[in-house]
Structure formats: structure tokens, C-alpha cells
Amino acid sequence: MKSPFRELKVILTVLFSLLSITGCNNSSANIKSLQRNDIELQIDSILNKMSIEEKIGQLALRGTSSSEKGELPEELLSSVRNGEIGAFLNVMDTANMRKLQQIAVNESKHGIPLIFARDVIHGFKTIFPIPLGQAASWNPEIVEEGSRVAALEASSVGIRWTFAPMLDICRDSRWGRIAESPGEDPYLASVLAKAYVKGFQGDDLSDPTRIAACAKHFIGYGAAIGGRDYNTAIISTEQLYNTYLPPFKEAVQYDVATFMSSFNEVNGIPATGNKKLLTDILRTELGFDGFVVSDWNSVTEMIDHGFAKDRKHAAELAARAGLDMEMTSRAYELYLKDLIKEGIISKEQLDFYVKNILRIKFRMGLFENPYIPENHPGTFYAKENLEKAKKAAIESTVLLKNNGILPLESDAKILLTGPLANKGREQLGTWTFDGEGEPSITPKEAMEEALFVEGLSYSRDKNIENLDKVIAAARKSEIIVFIGGEEAILSGEAHSRASIKLPGAQEELLTELYKLDKPLILVIMAGRPINITNYIDELDAVLMMWHPGTMGGPALKDMIYGISEPSGRLPVSWPKAAGQLPYFYNHKRTGRPANPDKFVSMEDIPVGAWQSSLGNESHYLDLGYAPLFPFGYGLSYGEIEYGEISISDKEISNGEDFIVSVKITNTSNRNTSEVVQLYAHDKVGRITRPVKELKKFNKIELKPGENKRIEFKLNYEDFKYYDNEGRLSLESGEIDLFIGNNSNTKNKATINIL
């Protein structure tokens, strides 16, 4: 079916050309504005011809928990023909996909194309590290490249919409979906949000090799009580605006196409039925003009929340709140027409939702090019993309400990053991529906020169019958490399853990290995920080690879032998135990802040001591007050020395910029990398302020003996914050600035806000 708007587009194209030829001021902005006006005219033309049933049909996202294969039922085809479905989730048979699209475009009354969606989270076939791992790279280029590769591969089979990036701030490692998170810091998450959107969508969403991104989960999903998935979130106004909202705001600024409402309730109202969130904040304050899709069945799950009495009530609540499209459940389909007929929901509200959905379909170019192009350049496992995945795994890996054992000599006799040393599928991590174990290269496959004895066959394995074989092999080796952690299924959605220790008999096997008094290197592949507190002193080196993806094996080999160095830094604080959680570096001081000079541990309390506070402050008697490793932490193979902080102007007024700089030197004899991190502490505020907040960072490389002066440009605006009245402002007073290699740095200077 030819577009009924062809003549209008020809006229506007001529206008675009004239603007370009005449060189008018801001011609690119004017062209973009005209293009958007063109889309709005076409949307209005379609909308005026649609029946109420067809409009409601655009609000329906149909899907199953597995891929659609085989013959499509006639009932489904009829629904598409009648305009009763707007998008599909998990249709992966390209023949079925084409058939459905042909019916929508050629046989439905208005020729409105379908969107085909899939969870493409950190790769389609070529899998990059899990999102928490990519956040550990502190490199937005890594994130953008990974999303670009995912879009290229996925769009080659017809997928044009992904449910990523997840931008939920997470401060609790028990939560399974921390693996999908950008970490605990809103600034780092905001930088990565931009990179994700650019990687998936590019500069032109109509490019058939690009896919529409979806900022999720709006909002507060990562604040679930106790790290239990789907659970309640209690979020103050200042927390909402200062902590949880910034990455979503950044995504809107870079034209993210869609949003997803979260499962959880926020302050007593489920997000899917929360007008303050979906309309007042997202639409009005942030200016979002794409569409919002519910999470899986989250409309009807409002019944289980105790917020909706039945499906009709759920449809009413979601429609009033500002939800455009319903995923899988059918409350809109069954009840929205009645709600409009009864005057409960207005026709104008329905039209608003349909416009939002059609707007994105036009921006995706689906009206002009609804099918997969014959010359689509996407290729699975392209050599250059595998190299990018390997680079991402290296830059995401965090060296937590190294007593000098790494890097190893090339002729070192290594025993490679552990349940994740040869598990191609498991090293991909969570949310890899289309990832494949066979093309993945494991550490065993990459390190052919090493002696391999698995010991445990999977991460939860408690069978230690092969312990003797591992010990015997270890005795014959010079160095032991143990690759453990969690299987992919132990993190991700609905996979929260009360204990974050290594599962199964892994700790038991490690205990026996370090008794041999041989160098022992622990490599962790997991979706969250792991509790290694009780035995870290016995380890010579610890590498956190997260779940590294397809190229985990070659990446590890390069790092083990020093061809490359791990350059990741922690995007979350690493707790000593689950009992410290939730833990985050940007906490408040309290009236009795923890003090290392006053700390009294449980073991130091005299037997029969008189009942008193014993001088203790805000901490745990058995774990103290600090994490095992702070946010931003990570070692390199080189050594970096920081100089004093220099500030261009120590008195800052409203609207003023200033420069903060520091000289850093590579004092080692090898190339090395560093993530230079700048933090701020507003000493006194109208509400209490965090002890530190990340404001800027820069990932750099230094040659042996090289020094660089790293400069950060800051503005008065960078220090403004929201209070619980929703006011964004800044008072006069002192702000401490810190520059170093993690959030615990003491390298400080002070500015005065006038």
C-alpha cells in the first residue's frame, strides 16, 4: 500500500531543500522542525479516519514468554487485519514477522505498520558484558558501541524495538536485577543513559539498522525493599529528583523513543497507575513525547497490589495515569471502549495515546520501510564486533586485589579450575535470550596451555567428589586460577538472594586450595558483588569480570598475561556482607557519623562491660562502617600518583564556570589506565547533603613516566539540588571538592559559593 501522504511529503521535501540552498539561519533545526510538523500532519490525517476499536488496537502489545514459531493462528491474523494490535513482542520467526507486517500494511484499513520488539539488553548474538559490567568500564564509548552492535544484529532479523536501557539506580546487591543496572550513582548512570540511547537509536531512528530504545523502569524499581524483586519502594521527593530521576531525564534529552512503567509501587501507588509519575513528571516536567509501555502484565497486576479492584478498574487507572501501551495483558482491549462510552476516560485521552504511538512509528520510518532491507549489513559474530566485545570485557573487569602476582609470565604453569571456567552459556549472563554458548569462547578454550580440572560442574554444585583431582593437579602447578561465581540464572529478574556468598561448594574448594600455599587467583563471573570477605586475605589476586559475554575467555587471557590490563572501576560499593545492604557511598552523615578513631568492634568489647554506647557511632559492631571496596575502586597494573588539586576560582557565583584540575603521573614502567574521579560535598544545606557526590570523571591512559594535567569544567548549576518541596536551588557556603581514584579519596580542596 502506497503512503496516502506522499504528495504532502514531496512538498515538504522541496521546502527542506530550499531551506538548505538558501542557507537560512539554523537550517538543520528548521528542517527537523518541519519534519516533525510533517509527521504530526500525517498522524492527524490517520487519526481522523480511525474507529475507536482501531485506536484501542494501537495500544495493544501482544507477546508470549517465548518466541512465536510455526503456523500463526487465524484469529491472530484477523486481529492484525482488523487493526487490533499495535506491536508484537517475541515474534522471532522472520517469515511470521513478514507475514504479520504484510497484513498490517496491505490488508488493514489504514496500513499502520507493526513494531516488533525483543529484550535485547546487552547484545543480540554477540554478547557484551552485563550492563552492570559495562557500567564498570566507566567508558560511555564501550556502552554506545555495545548498543550499536546489538541494534545492528537485532534489526537484521526485523527487531526494531528493545526494552533497554534499564536506568534503575540500585543500592542493594541482593536484588537480582542489579545485573541490569548502571549502578548506584545518578551521574554515572546519566552519562551511560546518553550512550545507550545513542548506541541503539543513532542520530536517525528511521535508519533500518537502528532500534528504538526504552528507558526502564519508570521509576524506583531499584529501590525495592530488602532487594526483593517487584517490592515496595518508599522514595522521598528529594531522593526521587536527586537520585532516581537524573538518568531518565538524560534519556529524554537524547530523544529516547519509549519508556516503560515499573512493576513496583512508589509511596503506595503502583507506577503503572501513577499519574504524578507518568504525566506530571514524565510528560509535563521532562517533556517526553514518545510513548510509555507497561511492563509485562503490570496493568492487571495492580489488582494484586490492592490498588485496582478488577481489570476494568485497572484499565481506568492506567489510562488516567498516562500509560500509552499495554504489554500482554488486555485490560485496555476489553474495557477501554466501555470506559470511554461511560465518560470515565475521554476520547481525547485515547487520541493522545494513539498519537504518541504513531509518532514513534513515523520516526522509526516504518510507514516508508516496514520490512527488513535486502541489503541489511547486520552480520552475527562479525570479527570487528567480537573485538569490540572483547575490549568491553577487558575495560569492564575490575582488579580488586593484586599482591604482585599479575600479570603472569607466559611460561607459568597454570591450573585452571572452577565451575565457570568452561561454561560458554553461563558467562553470557542474564537477559541473553538469543545468546549462544557455542560461539562463546571460554577461559579454558582461550588458555589452551593451562591444565584444566573443573572440580565443580556448576556454580551451585555441592558435590566435592572431584576435590582430590583438583588438589593433585594443583600440586603439579605453579599457579592456581579459580573461575567461580554465579550461573547466569542466579541473577536477573526474580532472582534476588539473601546471601551473596559464592554458592555451592566453591568456598570449600577455595579453602582447600589456599592451604597448598601456592599463588591463588580468583576470577569472579557474577551478576552482583560477591561476599569474599572471610577469605580475601588468602587470595593473591581477585578479578571481577561480572558476566563478561561472548569474548570472556580471550579477554581474561590477555589480562592474565598482561597483554591488556583490567581497567574497570566499581559502579557500586562492594559490601563486606549482605547484612550491610543497602549500602551506597553517597549516604548522609547522620548526627553521629562513623569515626575511625572511635570505632569499637564487637571483639574489643570487654566481657561484662557496663551497658553504654562505648563511644560507638553509626556502624555495625561486627562489620564496621565501610564496605569491603568503595564505589569507584579498582586497581591497575601500573601505579598512579596524584598531585594537589588546583582551582581557577575559589569563589563561585550564580552562572559562573570554573576549572578544577589535578596533575597525575604514571610512576610505573608500563602503560596503564586510570579513571580520574571528581566528587563534591556540600557541607551545609537546607536539607542534609550526601558525604560525597560524583560530579565528573575522565578515563585516561598514560605511558610509563608520563604525567598529565586533568581538567574538569564545572558550573554553579552542577551543585544545585532538589529539596523535599521540589525546589531546585543552591545556598551560599563551602563545598569540598575531591579528586582521586575512588569515592574514598582524601585529596581535597574547597570552594565558596556566594
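Residues numbered from 1 in each chain as written. Predicted model: local features only at pLDDT ≥ 70, side-chain atom pairs only at ≥ 80, totals over all residues. Heavy atoms only, no water.

Asks: Tell me about helix α15 (residues 347-363), and name the residues and values.
Replies: Between the first and last C-alpha of α15 there are 24 Å, a value that for 17 residues agrees with the 24 Å anticipated at 1.5 Å per step. Inspection of α15 places L350, Y353, V354, N356, I357, L358, R359, I360, K361, F362 and R363 among the buried residues, and these make up the whole buried set. G365 occupies a position one or two residues after α15 and carries a positive phi of about 75°. (Helix = DSSP H or I, 4+ residues; strand = E, 2+ residues; numbered from the N terminus. Expected span 1.5 Å × (residues − 1). Buried < 20%, exposed > 50% of the residue type's maximum accessible area, 1.4 Å probe, protein only.)

Asks: Outline the nonpolar core, supporting the account with residue identities and numerical values.
Replies: If you look at the biggest cluster of nonpolar residues, it comprises 108 residues, and the most contacted ones within it are W161, F163, F218, F259, V293 and L336. Per-element accounting of this core gives the leading share, eight residues, to helix α8 (residues 186-201). Grouped together as the second largest cluster of nonpolar side chains are 45 residues, M166, L456, L502 and L510 included. (Core = buried A, V, L, I, M, F, W, Y, C linked by side-chain atoms within 4.5 Å.)

Asks: Describe the pattern of salt bridges, and please don't skip the residues or the numbers.
Replies: Within this structure, the stated rule accounts for 45 salt bridges. Here K55 ties to D351 by a salt bridge, and the two come within 2.8 Å at their closest N and O atoms. Here K55, found in helix α3 (residues 52-58), pairs with D351, found in helix α15; they are 296 residues apart in sequence, far enough to count as distant. Its relative accessible area of 13% is what places K55 among the buried residues. Between E617 and K598 there is a salt bridge whose closest N-O contact spans 3.5 Å. (Salt bridge = Lys/Arg side-chain N within 4 Å of Asp/Glu carboxyl O.)

Asks: Give me the lowdown on the sheet that holds strand β9 (residues 291-293), citing residues and values where you can.
Replies: One open sheet accounts for three strands, arranged β5-β6-β9; its pairing is parallel. The open sheet has two free edges, formed respectively by β5 (214-218) and β9, since each of these has just one partner strand. Neighbour-to-neighbour, the strand axes of the sheet open up by a mean angle of 30°, direction not taken into account. The pairing of β5 with strand β6 (residues 258-261) spans three bridges and is classified as parallel. (Pairing = 2+ DSSP bridges. Axes fitted to C-alpha atoms, helices over the stretch in contact; angles between N-to-C directions.)

Asks: Could you give an account of the sheet that holds strand β17 (residues 640-647), naming the residues involved and the relevant values?
Replies: The strands making up a sheet associate through backbone hydrogen bonding, with each pair oriented either parallel or antiparallel. What the three strands build is an open sheet, ordered β17-β19-β22; its pairing is antiparallel. Looking at which strands have only one partner, the edges of the open sheet turn out to be β17 and β22 (707-715). If you compare each strand with its neighbour and ignore which way they point, the axes differ by 20° on average.

Asks: Before we move on, could you go through the UniProt feature "domain: Fibronectin type III-like" (unreviewed entry) in the protein and cite the residues and values that matter?
Replies: The positions UniProt marks with the feature "domain: Fibronectin type III-like" (unreviewed entry) are residues 674-743. Summarising residues 674-743: 0% helix, 57% strand, and an end-to-end C-alpha distance of 14 Å. (UniProt positions renumbered as here; feature names shortened; annotations may be inferred.)

Asks: Break down the pairing of strand β12 (residues 414-417) for me, with residues and values.
Replies: Side chains I414 and L416 of β12 all project onto a buried face; the interleaved residues L415 and T417 project onto the opposite face, where all are buried too. Direction of pairing for β12 relative to strand β14 (residues 479-485): parallel, over a ladder of four bridges. Pairing of T417 across the sheet is with F482, part of β14. Bridging between β12 and strand β13 (residues 451-452) involves two bridges; their strand directions are parallel. Pairing of L416 across the sheet is with F452, part of β13.

Asks: Account for the environment of P113, naming residues and giving values.
Replies: Turning to its location among the elements, P113 is positioned in the loop between α5 (94-107) and β3 (115-118). A residue is classified by how much of its surface remains accessible, and P113, at 1% relative accessible area, is buried. Along the sequence, P113 and L358 sit 245 residues apart, while their C-alpha atoms lie 9.3 Å from each other. Beyond its immediate sequence surroundings of up to four residues, P113 is in contact with G86, Q101, V105, K361, L366, F367 and P370. (Contact = heavy atoms within 4.5 Å.)

Asks: Let's hear about the packing of aromatic side chains: which residues, and what values?
Replies: Taken as a whole and judged by the stated rule, the model has 25 aromatic pairs. When the centroid spacing of 5.1 Å and the interplanar angle of 85° are considered together, the rings of W175 and Y221 count as edge-to-face. Separated by 46 residues along the polypeptide, W175 in the loop between β4 (161-162) and α8 and Y221 in the loop between β5 and α9 (237-244) bring together distant segments of the chain. We note that W175, like Y221, is buried. Among the aromatic residues, those joined into a ring-pair cluster are W138, Y187, Y585, F631, Y679 and F697. Above the plane of the ring of F584 lies R171, whose end atom (NZ or CZ) is 3.7 Å from the centre. Note that R686 overlies the ring of Y721, its terminal NZ or CZ placed 4.3 Å from the centroid. (Phe/Tyr/Trp six-rings, centres within 6.5 Å; stacked < 30°, edge-to-face > 60°. Lys NZ or Arg CZ within 6 Å of the ring centre and 35° of its normal.)

Asks: Requested: an account of unusual backbone geometry, with residues and values cited.
Replies: Here the bond from F218 into I219 is cis, since omega is 5°, no more than 30 degrees from zero. Checked against the element boundaries, I219 lands in the loop between β5 and α9. Cis geometry is adopted by the peptide bond preceding P407, which originates at L406 and carries an omega value of 0°. Residue placement: P407 occurs in the loop between β11 (398-402) and β12. Backbone geometry at Y230 places phi at a positive 70°, although glycine is not the residue there.

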